[in-house]
Each structure stands twice: as C-alpha cells, then as structure tokens.
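Residue-level structure breakdown
Chain residues, written in single-letter form:
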Amino acid sequence: GDSVTQTEGPVTVSESESLIINCTYSATSIAYPNLFWYVRYPGEGLQLLLKVITAGQKGSSRGFEATYNKETTSFHLQKASVQESDSAVYYCALGENNNAGAKLTFGGGTRLTVRP
Amino acid sequence: EAAVTQSPRNKVAVTGGKVTLSCNQTNNHNNMYWYRQDTGHGLRLIHYSYGAGSTEKGDIPDGYKASRPSQENFSLILELATPSQTSVYFCASGAGLGTSQNTLYFGAGTRLSVL
C-alpha cells in the first residue's frame, strides 16, 4: 500500500537556525500522487501548510518550502530561519485525486520545538 | 468563518461502553473523514463519507461505525469501546472534486481514553 515516512521527532532547533524535515513516500496505488505538508499548532486541528500536485514543482508558504522529487520519492520540508512561532507538529501526506474525493495517507508527524 | 467542530474535546469511557464522537462542518463540503492519531503512527483513516447518507470504510474500520445524517454532521460510533481505541481522533472535511479541491480541513481533535 501507500506509505509516508518522515523524520522522527522531536526536533529541537534554536530561533534563526535552518530546518529540514525529511519526507519520503511510496505511492503504489496512485499514478499521480499529490503531496502535502500539514501543520498542527498546540490546541488546534491540522491545517494545510503547502501542497504540490506536479512532480518537479516547489511549494512554499510562511517561509517553508518543499520540492516534489519523483526520482527520489521525496518531499522534504525546509526553512532557512525558523521562529519560535513555528513550534508545532508537521505532517507529510500523500493523496490521490479523483472524482470520488481526496483520501490522504499521512506520515507519523514530526514535533518541532524552536528555542528562543 | 468555515470550520470543523468536534465534540467532545475530551472523553473518558469505560471498556464495553458506547462512545459517540460528533463532528460538524460549516464548509458545505461533500466529503467528511474520521482519522485517529497514535504515537508513532500517522493519522489513519477510519471511515469517510461522500455525502449525507453515505459512509465508507477506511483503512482501519474494525470496531467503529459511522453515521452521516446530514451534509454538516458526521459521527463516529464505538459500540463496545476497548482500551486499544484510546487515541486522538480527528474529523476533517473536503470538497472532494477536482485537483484544486483535495485540501482537507480538520477539527481540533477529540482525546479519548478508554479505561
């Protein structure tokens, strides 16, 4: 089946440091997977951070970016300079797109703590 | 503002008891989903729905039932709760059609403990 593997947390970095959270996927049942990063801030539900639907493209949001690499089946999340407000749990996800609707396969989540 | 609201936010249940988790969305989305999140696992899909009156089994449906009485409401039912169902449950809604509409919108989660 389809699966997503991402950096196991927790990850702790200091403010203004760079960040990379690794994500690799296996899409055995989806011909053209869409890739997502969701984020969950304390006390809130998951919310979409960024998504990319075409291989080779890059998505970006709030200073984060991720490139859909079909050759390495990866979708790593990067940020050049993190802020304390970035502390959250980050989830990489894989989805199919069809007329019946979106079903997502999630990675285990990576808890990020940014020290002031 | 469009939202997905779950209730209760926290629940303690006894083994063998019946538990109902409720979800309401004001997004006017066709699709709704129930996931559970456990330490070391990603969110796993339990049941989902394409619209009122429809329920579909997800990847881990055993021990759970779902009900979609209206466009807005989607419930997850544990008829005989077991300690293995202790988890955090997330409801989500999604428009369901087209490449630009496969984003899911999540509730804040329900933390369930079965003792």
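Overview of the structure.

Criteria and thresholds
Residues numbered from 1 in each chain as written. Chains lettered and ligands numbered in written order. Predicted model: local features only at pLDDT ≥ 70, side-chain atom pairs only at ≥ 80, totals over all residues. Heavy atoms only, no water. Helix = DSSP H or I, 4+ residues; strand = E, 2+ residues; numbered from the N terminus. Rg over C-alpha atoms; globule rule 2.2 N^0.38 Å. Buried < 20%, exposed > 50% of the residue type's maximum accessible area, 1.4 Å probe, protein only. Contact = heavy atoms within 4.5 Å. Areas by Shrake-Rupley, 256 points an atom, 1.4 Å probe, with all protein chains shown as cover. Lys, Arg positive; Asp, Glu negative; His and termini not counted. Charge placed at Lys NZ, Arg CZ, Asp CG, Glu CD. Polar contact = N/O pair within 3.5 Å; in protein donor to acceptor, adjacent residues only side chain to side chain. Core = buried A, V, L, I, M, F, W, Y, C linked by side-chain atoms within 4.5 Å. 1 Å grid on protein atoms, 1.4 Å probe; cavity = no way out; pocket = protein on both sides within 12 Å on 5 of 7 lines; lining within 4 Å. Points joined across faces, edges and corners; volume = space filled by probe spheres on them. Nonpolar A, V, L, I, M, F, W, Y, C, P; charged D, E, K, R; others polar.

All right, on to the overall build of chain A then. A count of helices and strands for chain A gives 0 helices and 12 strands. Each helix and strand of chain A, placed in order from N terminus to C terminus, yields the pattern β-β-β-β-β-β-β-β-β-β-β-β. The globule rule puts the C-alpha radius of gyration for 116 residues at 13 Å, and the 14 Å found for chain A is close to it. The dimensions of chain A, computed from C-alpha atoms along their principal axes, are 45 × 30 × 20 Å. Across the 116 residues that make up chain A, the buried fraction comes to 46%. Long-range pairs, those at least 24 residues apart, make up 55% of the contacts in chain A with a sequence separation of at least 6. A total accessible area of about 5500 Å² is found for chain A, and carbon and sulfur atoms account for 45% of it.

Another point: the overall build of chain B. Across its full length, chain B carries 0 helices and 11 strands. Listed N to C, the secondary structure of chain B is β-β-β-β-β-β-β-β-β-β-β in terms of helices and strands. For 115 residues, the compact-globule estimate of 2.2 N^0.38 gives 13 Å, and the C-alpha radius of gyration of chain B, at 13 Å, lies within 12% of that figure. Its C-alpha atoms put chain B at 40 × 30 × 25 Å along the principal axes. Per-residue burial for chain B yields a buried fraction of 52% across its 115 residues. Counted over contacts in chain B with a minimum sequence separation of 6, partners at least 24 positions apart contribute 55%. Carbon and sulfur atoms make up 50% of the accessible area of chain B, which amounts to about 5200 Å² in all. Distance between charge centres in chain B, computed from 9 positive and 7 negative side chains, equals 7 Å.

What follows concerns the environment of Y38 of chain A. Following the sequence through the fold, Y38 of chain A ends up in strand β5 (residues 34-40). When the C-alpha atoms of Y38 of chain A and E84 of chain A are compared, they prove to be 18 Å apart, with 46 residues separating the residues in sequence. With sequence-adjacent residues up to four places away left out, Y38 of chain A is seen in contact with L46, Q47, L48, L49, V89, Y90, Y91, L104 and F106 of chain A together with T103, L104 and F106 of chain B. A distance of 2.9 Å separates the side chain of Y38 of chain A from the backbone nitrogen of L104 of chain B, its partner in a polar contact.

So, on to the nonpolar core. All names here are of chain A. With 27 residues, the main nonpolar core has W37, L49, L50, F75, L77 and Y90 as its most contacted residues. Secondary structure elements with two or more residues in this core: β2 (11-14), β3 (19-21), β4 (23-26), β5, β6 (47-52), β8 (64-67), β10 (88-95) and β12 (110-115). Counting residues per element, this core draws most heavily on β10, at 4 residues. Apart from the residues within four sequence positions on either side, L50 is in contact with L35, F36, W37, G59, S60, S61, F64, E65, A66, F75 and L77.

One number sums up the size of the largest pocket: a volume of about 590 Å³. Lining the largest pocket are 24 residues, with G108 of chain A together with Q37, D38, T39 and G40 of chain B positioned closest to its centre. Taken together, the elements giving at least two residues each to the lining of the largest pocket come down to β1 (3-6), β10 and β12 of chain A together with β9 (87-94) and β11 (110-114) of chain B. Its residues assigned to classes, the lining of the largest pocket comprises 6 nonpolar, 13 polar and 5 charged. By volume, the second largest pocket is sized at about 330 Å³.

Nothing here speaks to function; it is geometry throughout.
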